Amino acid sequence: MLNRAHNKVLFKSLATLYLAGWSLIVQAQDLVEPPAALLPTSTAFKLTREILTLPDSEKMGLLGSMLLFDVNHSLRLGAGSFGAVRGSRGGFITLGVAAELRHRLSSSWVSHAGLYVGAGGGRGTNILTGGGLMLRSDINVSHETHRYGNFGFGFSRINFPSGLIRSSQPYVLYEYPFYSLLGQGWYAPPFASDSAWQNSTALDANEFALVWRSYKISSSMKQAPSNSPHKSMQLLGVEWLSYLNEHWFYKLEAEGAIGSKSNGYMQILGGGGYRYALSPWSAIKLHIAAGPAGGGGIDTGGGLLLDTGISLQQSLARQSSIEMSLGEVRSPSATFKALSAGLKLNYQFDLPRVSALPVSKNTIQLFEPQHLRVRLANQTYLKANTHWRNNEIDSPISNLGVQMDYFISPQWYLTGQGLAAYAGKAGDYMTGQVGVGRQWSLSSNCFVEVEGLLGAAGGGGVAINGGLVGQVNGSVAYRLNNWLSLMAHIGQIKALPGQFKANVVGVSLAYQFSGFTSSSNNKF
């Protein structure tokens, strides 16, 4: 009895210290308590397919993908990408942000009017895309099947204001709707017991991975006469994987070249696969994926790339694993073919499975809030080296993109960014980087940050040898409220190795929100 009473007092004391410590952090970070009920956010993954008419009647098939979140019943906001998959412009890829207005026509038909603002280019399109700014407006109608997703058709107008592409065309779309449990601002952490975790709502297993790949390129690929043959290529990127059930999964990944002579090569692939557990600690995965790819002197024809492979996954700890893969990639419309070897460092977590129904505060408090931030960013590169570009050396390069931050503590965060040029006569420049940052509060409304990133970049006549770049940023920011901040940045980006070196100035609008995860039911 004395031991039991002693343990109870000890537990309460530790709990009091835990909550007291977090109360200080809450005051410093201005965290908020969950509402009485949180309404899940309606979310949609959207695919579009259209054929553009370029100057001289050239045709280019374009595949678009967007992730959109409901702001209210009429407005959705999100991010997306468009890439060539047919024609002769493989490697033409843009990144950007999207907005969409909706109006319900009936119980199963919905009309949409959308706007996409992006940046990018590729595969010899500098004259066609100019600085790289892409504007896409569209209208469409879609039919909701309530089981297999939404199917529709529409009409779009694509314009590169500083280039020559101006094309109007019909298109088809597919939309997969689901719900996400997201909270506006950063929520204070819960204090739930292990048993409470076990009694929480249904969970979906997910993985996020840092990916390194090496391609051994087939000698049958056509090479430009002036270049020595491409024999290999190394890539760095990220992958998101979500399980439909115990075995089947779907995934999305993006990688860019960081080795050999193929800087500027990029691929964005989506697909699925099957996981078979060999033991509680290891498993075999089979996958197939497809998507736009090209650039860096790699002949991908129209741009469609197919990827198949097998991998061995081995657990390192409760929520982490390492994965080694072998496979093949090829372009159906061109000569590019390569054997692929990959290495992935995975982080596993569970997301709550929710519907349109409100989630009570009691249920929310059974999950761990993850402090997340997304930044709509503009970065301008200024000459820091006379050899930083192969042409237009006195012209700055302006880039548009999105940065995503995951706070692993109240001060430290992991970050990733994808940016593409929209001005500066560098229309096919693009970069993707990952890194770490730290934040210091100056007052209740002001804070400063520093961050360092490493990743891939290329295109646009930028003097990058191999594609590997490093970037450091310093920021000062002002909080408008608990979820919005304005940020100003200065920094520097440099090729590793290469002549490219530029000073960076930028601004961004940052949105803070909370996701909710659990690790107790994770099957890994």
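Placed above this text is the structure.
Let me begin by describing the structure that accompanies this report. (Residues numbered from 1 in each chain as written. Predicted model: local features only at pLDDT ≥ 70, side-chain atom pairs only at ≥ 80, totals over all residues. Heavy atoms only, no water.)

Digging into the overall build of the chain
Counting its regular elements, the chain contains four helices and 27 strands. Split into buried and exposed, the 524 residues of the chain put 48% on the buried side. For the chain, the proportion of contacts with a sequence separation of at least 24, taken over those separated by at least 6, is 64%. With an accessible surface of roughly 23500 Å², the chain has 64% of that area assigned to carbon and sulfur atoms. (Helix = DSSP H or I, 4+ residues; strand = E, 2+ residues; numbered from the N terminus. Buried < 20%, exposed > 50% of the residue type's maximum accessible area, 1.4 Å probe, protein only. Contact = heavy atoms within 4.5 Å. Areas by Shrake-Rupley, 256 points an atom, 1.4 Å probe, with all protein chains shown as cover.)

Focus: the sheet that holds strand β9 (residues 166-180)
Within the closed barrel, the eight strands sit side by side as β2-β3-β4-β5-β6-β7-β8-β9. Their pairing is antiparallel. The sheet shows a mean angle of 25° between the axes of neighbouring strands, taken without regard to direction. (Pairing = 2+ DSSP bridges. Axes fitted to C-alpha atoms, helices over the stretch in contact; angles between N-to-C directions.)

So, the pairing of strand β4 (residues 75-86)
Looking at chain direction, strand β3 (residues 59-70) and β4 are connected through ten bridges and run antiparallel. Across the sheet, residue Leu63 finds its bridge partner in β4, namely Gly83. Connecting β3 to the next strand, β4, in antiparallel fashion are four residues. Pairing between β4 and strand β5 (residues 93-104): nine bridges, direction antiparallel. Bridging from a neighbouring strand, Ser81 pairs with Leu95 of β5. If you look at the hairpin formed by β4 and β5, you'll find six residues sitting between the two strands, and Gly87 has a positive phi there, around 115°.

Thoughts on a nonpolar patch on the surface
There is a patch of nonpolar side chains on the surface, built from Trp212, Tyr276, Leu278, Leu312, Met324 and Leu343 and spanning about 560 Å² of accessible area. Here Trp212 shows up in strand β11 (residues 203-217). You can call Trp212 partly exposed: its relative accessible area is 37%. (Patch = residues over 30% accessible without salt bridge, like charges linked within 9 Å, V, L, I, M, F, W, Y side chains within 5 Å. Salt bridge = Lys/Arg side-chain N within 4 Å of Asp/Glu carboxyl O.)

Examining the side chain of Gln379
As for its placement among the helices and strands, Gln379 is situated in strand β20 (residues 368-383). Judged by relative accessible area, which is 3%, Gln379 ranks as buried. A polar contact is formed between the side chain of Gln379 and the side chain of Gln417, at a distance of 3.4 Å. Reaching out from Gln379, the side chain makes a polar contact with the side chain of Gln471 at a distance of 3.2 Å. Apart from residues no more than four positions distant in its own chain, Gln379 is found in contact with Ile397, Ser398, Asn399, Gln403, Gln417, Leu419, Gln471, Asn473, Val504, Val505 and Gly506. (Polar contact = N/O pair within 3.5 Å; in protein donor to acceptor, adjacent residues only side chain to side chain.)

A look at the pairing of strand β8 (residues 150-159)
Side chains Asn150, Gly152, Gly154, Ser156 and Ile158 of β8 all project onto a buried face; the interleaved residues Phe151, Phe153, Phe155, Arg157 and Asn159 project onto a face where none is buried. Across ten bridges, strand β7 (residues 133-144) lies against β8 in antiparallel orientation. Paired with Glu144 across the strands is Asn150, a residue of β8. With ten bridges joining them, β8 and β9 adopt antiparallel strand pairing. Residue Phe153 lies in a different strand from β9, and its bridge partner there is Val172. Hairpin connection, β8 to β9: the antiparallel pair is bridged by six residues.

So, the pattern of salt bridges
On inspection of all chains with the given rule, the structure shows 25 salt bridges. With a closest N to O distance of 2.9 Å, Glu207 and Lys285 form a salt bridge. Here Glu207, found in strand β11, pairs with Lys285, found in strand β15 (residues 282-294); they are 78 residues apart in sequence, far enough to count as distant. You'll find Glu207 and Lys285 in the same group, each marked buried. Several salt bridges share partner residues, and in doing so they unite Glu207, Arg213, Glu239, Lys251, Glu253, Glu255, Lys285, Asp307, Glu323 and Lys344 into one network.

As for the nonpolar core
Leu52, Met60, Leu62, Phe92, Met134 and Ile165 are the most contacted members of the largest nonpolar core, which totals 16 residues. It is β3 that provides the largest number of residues to this core, a total of four residues. (Core = buried A, V, L, I, M, F, W, Y, C linked by side-chain atoms within 4.5 Å.)

A look at the side chain of Ser81
You can see Ser81 is positioned in strand β4. Engagement of the side chain of Ser81 in a polar contact is seen with the backbone oxygen of Thr94, the distance being 2.9 Å. For Ser81, the contacting residues outside a window of four places in its chain are Leu63, Gly64, Ser65, Ile93, Thr94, Leu95, Tyr116 and Ile268.

Description of the sheet that holds strand β14 (residues 266-279)
Spatial ordering of the closed barrel is given by β11-β12-β13-β14-β15-β16-β17-β18, a layout of eight strands whose pairing is antiparallel. For this sheet the average axis-to-axis angle between neighbouring strands, irrespective of direction, equals 25°.

What to know about the packing of aromatic side chains
For the coordinates displayed, the defined rule picks out 19 aromatic pairs. Centroid distance Phe92 to Phe160: 6.0 Å. Interplanar angle 70°. Geometry classified as edge-to-face. On the criterion of sequence distance, the pair formed by Phe92 in the loop between β4 and β5 and Phe160 in the loop between β8 and β9 is long-range, its members being 68 residues apart. Note on accessibility: Phe92 and Phe160 belong to one class, buried. When the ring centre of Tyr413 is taken as reference, the NZ or CZ atom of Arg373 above it lies at 5.2 Å. (Phe/Tyr/Trp six-rings, centres within 6.5 Å; stacked < 30°, edge-to-face > 60°. Lys NZ or Arg CZ within 6 Å of the ring centre and 35° of its normal.)

Structural notes on unusual backbone geometry
One non-glycine residue with positive phi stands out, namely Asp56, at about 65°. Judged by relative accessible area, which is 80%, Asp56 ranks as exposed. The backbone phi angle of Glu392 is positive, close to 50°, even though this residue is not glycine. If you trace the backbone, Glu392 turns up in the loop between β20 and β21 (397-407). Judged by its relative accessible area of 34%, Glu392 falls in the partly exposed class.

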